[in-house]
Amino acid sequence: MDLEGYRMDTTQLNRIYRKIRKFLLDPEELYLVQSIETQSLFVCEKNTVVEQYSASTSRFGNSNRENSFKTPPGIHRIKNKIGAGAPVGRIFKERRDTGIDWDQVSIEDNLILTRILRLEGLEDGINKGAGVDSYERCIYIHGTNQEDLVGTPLSHGCIVLRNQDILTLFDIVSEGTIIYIDPPPILINKNSCRSVHFTGVFGTGMSALAQYLRFQGIAVSGSDRLLASEDTASIRQSLEVLGCTIINQDGSGVNEDIDAVCISTAIEESNPDIAAARARGTPIVHRSDLLAAIIESKKTIAVAGTSGKSTVTAMIFEFLTACGKSPSLISGAPLRRLEKQGLIGNAFSGASDLLVVEADESDGTLVKYSPEVSVVLNISKDHKSIDEIKRLFETLVLNSAWTAINSDDPILATLSTTACFGRTGAASWRPDHEQLMPASVKLFRNGIEYHLPFPGNHNLENLRAALCVCGYFDCEEPILADAVKHFEGVARRFSLTETTQNVHVVDDFAHNPAKISAAVSAARGLSERIIAVYQPHGFGPTRFLKDDYISTFQTIFRQNDSLYLLPIYYAGGTALKNISSEDIITGLGPILFNAHALKDRSDLPARLEVDVKSGDCVIVMGARDPSLPALVRMIVELFGGKMKNL
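Numbering of residues begins from 1 in every chain and follows the order in which that chain's sequence is written. Totals for whole chains, interfaces and linings use all residues, but because this is a predicted model, local features are given only for residues with pLDDT of at least 70 and pairs of side-chain atoms are given and counted only at 80 or more. Side-chain calculation: all heavy atoms of the structure are included, whereas hydrogens and water are not.

**Points about the overall build of the protein**
Starting at the N terminus, helices and strands are each numbered in turn, a helix being any DSSP run of H or I of at least four residues and a strand any DSSP run of E of at least two. Check the secondary structure of the protein and you find 16 helices and 33 strands. We compute the radius of gyration over the C-alpha atoms and compare it with the globule rule, which gives 2.2 Å times the number of residues raised to the power 0.38. The C-alpha radius of gyration computed for the protein amounts to 27 Å, which stays within 12% of the reference 26 Å derived for 646 residues, consistent with globular compactness. Each of the three principal axes of the protein carries a C-alpha extent, and together these read 90 × 60 × 50 Å. Residue exposure (1.4 Å probe, protein chains only): buried if accessible area is under 20% of the type maximum, exposed if over 50%, otherwise partly exposed. With 646 residues in all, the protein has 57% of them scored as buried. When contacts within the protein are restricted to residue pairs at least 6 apart in sequence, long-range pairs at least 24 apart make up 68% of them. Carbon and sulfur atoms make up 48% of the accessible area of the protein, which amounts to about 25900 Å² in all. Here a residue-residue contact requires only that any non-hydrogen atoms of the pair lie within 4.5 Å. For the area figures, the Shrake-Rupley method with a 1.4 Å probe applies, and any residue is considered shielded solely by the protein chains shown.

**Quick word on unusual backbone geometry**
With a phi angle near 55°, Gln39 is a residue other than glycine that sits in the positive phi range. By the element assignment, Gln39 lies in the loop between strand E1 (30-35) and strand E2 (40-45). With a relative accessible area of 6%, Gln39 lands in the buried category. Within the chain, Arg492 stands out as a residue other than glycine whose phi angle is a positive 60°.

**Re the sheet that holds strand E23 (residues 402-406)**
DSSP-based pairing: two strands are paired if at least 2 bridges between them are found. One open sheet holds the seven strands; their spatial order is E20-E19-E21-E18-E22-E23-E24, and the pairing between them is mixed. Looking at which strands have only one partner, the edges of the open sheet turn out to be strand E20 (347-348) and strand E24 (419-421). As paired elements, strand E22 (residues 373-376) and E23 share four bridges and run parallel to each other. Residue pairing across strands places Ser374 opposite Thr403, the latter belonging to E23. Note on geometry: axes are C-alpha line fits, over the in-contact stretch for helices, and angles between N-to-C directions span 0 to 180 degrees. Running over the sheet, helix H9 (residues 386-398) touches strand E18 (299-304), E22 and E23 and is turned about 155° from E22.

**Side note on the side chain of Lys309**
Following the sequence through the fold, Lys309 ends up in helix H7 (residues 309-322). Here Lys309 is in contact with Val303, Ala304, Glu358, Ala359, Asp360, Glu361 and Leu377, once residues within four sequence places are set aside.

**Quick notes on the sheet that holds strand E25 (residues 433-436)**
Read across the sheet, three strands follow the order E25-E26-E27 without closing on themselves; strand pairing throughout is antiparallel. Strands at the two margins of the open sheet, each flanked by one partner only, are E25 and strand E27 (448-452). Direction aside, neighbouring strands of the sheet carry axes that sit 15° apart on average. In terms of strand pairing, strand E26 (residues 441-445) meets E27 through five bridges, oriented antiparallel. Opposite Val441, over in E27, you have Leu452 as the bridge partner. Relative to the sheet, helix H10 (residues 457-472) contacts E25, E26 and E27, its axis offset from that of E26 by approximately 35°.

**Overview of helix H12 (residues 513-523)**
Note on helix geometry: an α-helix contains 3.6 residues per turn, so any two residues three or four positions apart are oriented the same way. All of the buried residues in H12 are Pro513, Lys515, Ile516, Ala519, Val520, Ala522 and Ala523. Of the surrounding elements, those touching the buried residues of H12 are H10, strand E29 (504-508), strand E30 (530-535), helix H13 (539-556) and strand E33 (617-622). Each polar contact in these results corresponds to two N or O atoms within 3.5 Å; when the atoms are within protein, one needs to be able to donate a hydrogen and the other to accept it, and residues that are neighboring in sequence are counted only if both atoms are side-chain atoms. Sitting at the head of H12, Asn512 places a side-chain oxygen 3.1 Å from the backbone nitrogen of Ala514.

**Some points on the pattern of salt bridges**
In a structure, side chains of opposite charge can pair up when their charged atoms sit close to one another. By convention in these notes, a salt bridge is any Lys or Arg side-chain nitrogen within 4 Å of a carboxyl oxygen on Asp or Glu. In the structure shown here, the tally under the stated rule is 30 salt bridges. Ionic pairing is found between Arg492 and Asp507, a salt bridge with its closest N-O pair at 2.8 Å. Within this pair, whereas Arg492 is found in the loop between helix H11 (477-485) and strand E28 (495-498), its partner Asp507 is found in strand E29, the two being separated by 15 residues in sequence. Assigned by exposure class, Arg492 and Asp507 land together as buried. Residue Lys599 pairs with Glu582 through a salt bridge whose shortest N-O separation is 3.2 Å.

**A word on the packing of aromatic side chains**
Pairs were defined over the aromatic rings of Phe, Tyr and Trp, the Trp ring being its six-membered one, requiring ring centres within 6.5 Å. Orientation was assigned from the angle between planes: stacked under 30 degrees, edge-to-face over 60, tilted for the rest. Under the criterion given, the structure shown has 12 aromatic pairs. Measuring from ring centre to ring centre gives 5.9 Å for Phe553 and Phe557, while their planes differ by 40°; the resulting arrangement is tilted. For Phe553, a relative accessible area of 1% translates into the label buried. Chaining the aromatic ring pairs together yields one cluster made of Tyr534, Tyr549, Phe553, Phe557 and Phe593. Geometry around Phe509 places Arg493 over its ring, the cationic atom sitting 3.9 Å from the centre. Whether a charge sits over a ring depends on NZ of Lys or CZ of Arg being within 6 Å of the ring centre and within 35 degrees of the ring normal. The lysine or arginine in question, Lys577, covers the ring of Tyr570, its NZ or CZ lying 4.0 Å from the ring centre.

**Here's the deal with the nonpolar core**
For this analysis, a nonpolar core means a set of buried residues of the types Ala, Val, Leu, Ile, Met, Phe, Trp, Tyr and Cys, connected via side-chain atoms within 4.5 Å. Of all hydrophobic cores here, the largest spans 53 residues; its most connected members are Phe198, Leu213, Leu239, Leu290, Ile294, Ile330 and Phe393. Here this core takes seven residues from helix H3 (residues 204-215), the largest share from any one element. When neighbours within four sequence positions are excluded, Phe393 is seen to be in contact with Ala304, Gly305, Thr306, Glu361, Leu366, Val376, Asn378, Ile379, Leu412 and Leu415. With 47 residues, the next largest nonpolar core counts Ala333, Leu338, Val373 and Val484 among its residues.

In structure tokens form, the structure reads like this:
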């Protein structure tokens, strides 16, 4: 056999061998590598190629989901050898020898000919287990009647060889032979990456990207300063189950196998991983550059806005899923339904080319994205001024093929757009009628009732946006209505727990004045009296929003309400700490409600025990801090409740 066409990169072959070595009974035994990028199958011994064949994978690309008709990446083994002794061109159906030979003429359908090597996935969550199992999907290596096409993407998920080649391979391999299906690299800023290290991998945006790359078969490692924290233990475990390597944030994770180090705006230049990357010459890429590369590779729906992004992203993903569109997901918050499946919940790999992403404006990187569809929900002062944010949204809209904006937001009215959603006549998508209830909302359109099991005007706004986008994708309204009714929501987005002492405890991610106002307004449907616990996020954002916090608190809280401000959450790095929660409380001046800045979080339980009465609503608000769910759990238990197990 002529090896002049050999295109297996030596560095990559060494990486693959190190990865699969633990699965080999004998380090000298043969193993296979299927390159999706080059459409070649290599027979290897240690770090040497000994045979090579043209071999086709799916014309739909690679993916780990069932019913995707895509080729699953990662480590497999040959589970069954089927067809020994059959002649060349023998047709198999459902792994059975039909006794019929190919007529050497018909090539319309990709027939399964000559031999079958049935594959079994060995990586949980990637090619083994519910929804992704290669064996259940019946992934084979087999011969074909379309031999002239072999070497180009051809199949519906299997690996296809010419008939003489599958005969040769069949005799070389054994049941148990390991095969690594090598996915194509992702191109980030012109860097071809097969292995990415995430610094700060437990962050919600970073962990979503890490999972998405693993679903595509890319090698992932990561570090985090909260590596030893109990609050991040479940995230670490979920990432490790997917095959991510999690290590100390001391630079040791940046080794010769890493093609790029991914960072977020929160990572300081002094971080050991960055220092190690610079010393090795390893490219350092921003989280937004990776997301931009992913967005470019898919038919992407980007959800933007200063409030409601996570919820609308979840709604669009859930509703499209219910309508059979099978999208993928990269979100800034975990979806409850995905958490129940054992996932972190902020990323998913679907079977189609649709991808729903949350497009964050906080660090200005929104301008890098060019999605197929964008939706802009609203504008309010948050990390940046309104004018700055509006310019970012204008660029996103210009970079998108189809857009929808909220026509009820007057600041968005000047944006050029394809469609508008809202209540007013200016909207091309608007409801016939809406209804607010204490614990839910209803929207009526075209004779269909959409009953969302979450309260508040802001959730009606969210629902309008999601339904408008789903209409663009021709979703059937009755199916959409059922999906809305069964929407389970997003973690820490008005997550309600009732207690035996008749106290309503709400956990919410609200972290700017507009979001706090919306959350408290929704809580009024549960109780007349609100006990609000808020942890400001970051010294810079708190300083930027101080006056807005003060005016919002003065407006939304009523006589007999209580507001407890916790110490400002410090996420690390350099920060000018010349503002405190006490400054906000002092700025409130004379007020009719109770307002306190606590020196320490440990003071909160005693305060609540005295203050909270039957029928009250305690709402805990704040962002980013992974310890906040534990605080909510403590409050629930304080009043005789029990958190629901996911």
